[in-house]
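Below, each chain spelled out in residue letters.
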Amino acid sequence: VQLQASGGGLVQAGGSLRLSCAASGSIFSIASMGWFRQAPGKQRELVASINNSGWTNYADSVKGRFTISRDNAVNTYLQMNGLKPEDTAIYYCNAMAGSVVKSPYWGQGTLVTVSS
């Protein structure tokens, strides 16, 4: 599975951005897709995920502000509203995929910078 992320950028606090991730390759084996982020000096953390049934999971820090969605087995999106400076990070698209055992696949990161 290959993942191509896009949509990062610079935005002022309170603004919005929409991240997109397009999957290719063995998309039939994808069980879930999600977004992680890594801020300088911090560990990578889950932001949001969505499985094939549409069940979603969010980090407490983004609940009510971010929305993850999928329009098919290929594309997933992260709508980020009410952005805060602490949301500044590199955001990575993730897919859990595999015919039997699911393994993580990663896209290239996209930088989100929120200015105060």
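Please read these numbers as outputs of a predicted model, since none were measured by experiment.

**Student:** Please explain the pattern of salt bridges as it appears in this structure.
**Tutor:** As a working rule, side chains carrying opposite charge can pair if their charged atoms are close by. The full count for this structure, using the stated rule, is four salt bridges. Asp87 is paired through a salt bridge with Arg37; the nearest N and O atoms lie 2.9 Å apart. Of this pair, Asp87 sits in the loop between strand S8 (75-80) and strand S9 (89-97) while Arg37 sits in strand S4 (residues 30-38), placing them 50 residues apart in sequence. Arg37 matches Asp87 in its accessibility class, with the two residues each being buried. A salt bridge links Asp87 to Arg65; the shortest N-O distance between them is 2.8 Å. With a gap of 22 residues between them, Asp87 in the loop between S8 and S9 and Arg65 in the loop between strand S6 (56-58) and strand S7 (66-70) connect regions that are remote in the sequence. With relative accessibility at 1%, the residue Asp87 sits in the buried group. For Arg65, a relative accessible area of 14% puts it in the buried group. What emerges from the salt-bridge pattern is a single network uniting Arg37, Glu45, Arg65 and Asp87.

**Student:** I tried to follow the pairing of strand S3 (residues 17-24) on my own but got confused; where do I start?
**Tutor:** A regular strand places its side chains on the two faces of the sheet in alternate fashion. Bridge analysis of strand S1 (residues 2-6) against S3 gives five bridges, and the strand direction is antiparallel. Bridge pairing in S3 places Gln2 opposite Ser24. Pairing analysis gives six bridges linking S3 to S8, with the strands arranged antiparallel. When the sheet's bridge partners are listed, Arg18 is paired in S8 with Gln79.

**Student:** I tried to follow the packing of aromatic side chains on my own but got confused; where do I start?
**Tutor:** Two numbers describe a pair of aromatic rings. These are the distance of the centres and the angle of the planes. Taken as a whole and judged by the stated rule, the model has one aromatic pair. Ring centres of Phe36 and Trp106 lie 5.0 Å apart, and the angle between their planes is 75 degrees; this geometry places the pair in the edge-to-face category. You can see Phe36 sitting in strand S4 and its partner Trp106 sitting in strand S10 (residues 103-106), a full 70 residues away along the chain. Here the basic side chain of Arg18 rests over the ring of Tyr77, its NZ or CZ set 4.1 Å away from the ring centre. The cationic tip of Arg44 hangs over the ring face of Tyr92; the distance from NZ or CZ to the ring centre is 3.8 Å.

Analysis parameters
Residues numbered from 1 in each chain as written. Predicted model: local features only at pLDDT ≥ 70, side-chain atom pairs only at ≥ 80, totals over all residues. Heavy atoms only, no water. Salt bridge = Lys/Arg side-chain N within 4 Å of Asp/Glu carboxyl O. Helix = DSSP H or I, 4+ residues; strand = E, 2+ residues; numbered from the N terminus. Buried < 20%, exposed > 50% of the residue type's maximum accessible area, 1.4 Å probe, protein only. Pairing = 2+ DSSP bridges. Phe/Tyr/Trp six-rings, centres within 6.5 Å; stacked < 30°, edge-to-face > 60°. Lys NZ or Arg CZ within 6 Å of the ring centre and 35° of its normal.

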